[in-house]
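# Results of the structural survey
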Amino acid sequence: MAQYTCPSCGADLPFRSSVSVYAVCASCGSTVVRTDLAVEAIGIMATLPDEITPLQIGARLAWQGRHFTLLGRLRIGWEDGAWTEWFMDDGAASQAWLTEAQGLLAVSVEQDVPPALAAAPSLGEVVMLGSTGFRVADIKRGTCLGSEGELPLAAPKGRIATYIDMVGQTAGFAGLEESEDGRRLYTGTYVPFERLGFTGLRDVEGWPPPLPDPERRHDPRYLTH
Ligand SMILES: [Zn+2]
């Protein structure tokens, strides 16, 4: 873990992931950029809007046989609501994102943008990624509402991006993010909360919710007749 000191307030500022370039100081809220030799404050980050989630920085999960720690998050708003992107690292060489939207969780990994996506696809178009077709299901503009922790990309408040959501013809999804600082492709799958083996979650009153999720519909404890 690389240890730095916040240039604004002097608090310890750990970078736990080798790929993290940006971190938000937990003490003063400064956004700090890491260069090869030092760190530099580039502004004060907005506090994340309140939201109810058991996830928090430092929580751990298991996915595909690896153990990840949540290191940072972005809150992204769009005209109909907001979602959270959690950046996570396995302490070795793997990074991934956990998307939290309306109680659904998805794990995704960044991919190189292939030639098939050299031009932005339009709604309904089917794009081949490898041998799998992905249909463009939604295109929306999102604005970064705030961030916390450490992140591999600069996402200041107000950063605008276009999010092109694609649904796999067999399983999974792909998401293309286009912003002024580049294009990024992520592929992943939705994962039920129970399968991620979370530890270190935040206590949330009234959570877990009383309604059974799809994974529990056949659990005899939830059968009503
Ligand atoms: Zn600070």
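Coordinates for the structure precede this section.
Presented here is a report on the structure given in the accompanying data block. (Residues numbered from 1 in each chain as written. Predicted model: local features only at pLDDT ≥ 70, side-chain atom pairs only at ≥ 80, totals over all residues. Heavy atoms only, no water.)

The side chains of a regular strand alternate, residue by residue, between the two faces of the sheet. In terms of burial, strand 7 (residues 66-78) is largely enclosed, as 10 of its 13 residues are buried. The sheet contact formed by strand 6 (residues 60-63) and strand 7 spans four bridges and is antiparallel. Opposite L61, over in strand 7, you have F68 as the bridge partner. Linking strand 6 back to strand 7 in an antiparallel pair, the connection comprises two residues, with Q64 at a positive phi of about 50°. Both strand 7 and strand 8 (residues 81-89) contribute to a ladder of nine bridges, which runs antiparallel. If you follow T69 over to strand 8, its bridge partner there is D89. Between strand 7 and strand 8, which follow one another and run antiparallel, lie two residues. Summarising the sheet, strand 7 and strand 12 (residues 132-151) pair through six bridges and their orientation is antiparallel. Residue pairing across strands places I76 opposite C144, the latter belonging to strand 12. (Buried < 20%, exposed > 50% of the residue type's maximum accessible area, 1.4 Å probe, protein only. Helix = DSSP H or I, 4+ residues; strand = E, 2+ residues; numbered from the N terminus. Pairing = 2+ DSSP bridges.)

Okay, the packing of aromatic side chains next. Tallying each qualifying case throughout the model produces seven aromatic pairs. Aromatic side chains W83 and Y163 sit 5.0 Å apart centroid to centroid with 85° between the ring planes, which places their arrangement in the edge-to-face category. Of the two residues, W83 sits in strand 8 while Y163 sits in strand 13 (residues 160-168), which places them 80 residues apart along the sequence. The burial state of W83 is the same as that of Y163; both residues are buried. Note on F193 and F198: the rings are 4.9 Å apart at their centroids and 25° apart in plane angle, and the pair reads as stacked. By relative accessible area, which is 13% here, F198 ends up buried. Taken together through their ring pairs, the aromatic side chains of F87, W97 and Y186 make up a single cluster. Against the face of W83 rests K140, its NZ or CZ located 5.2 Å from the ring centre. (Phe/Tyr/Trp six-rings, centres within 6.5 Å; stacked < 30°, edge-to-face > 60°. Lys NZ or Arg CZ within 6 Å of the ring centre and 35° of its normal.)

As a further point, take the coordination of the zinc ion. Donor atoms from the polypeptide that bind the zinc ion are C6 (SG), C9 (SG), C25 (SG) and C28 (SG), placed at 2.3 to 2.4 Å. Given four donor atoms and angles of 106 to 113° at the metal, the environment of the zinc ion is assigned as tetrahedral. By relative accessible area, C25 is classed as buried at 3%. (Donors = N, O, S within 2.8 Å, 3.2 Å for Na, K, Ca; no water. Tetrahedral: all angles 85-135°; square planar, octahedral: opposite > 155°, others 65-115°.)

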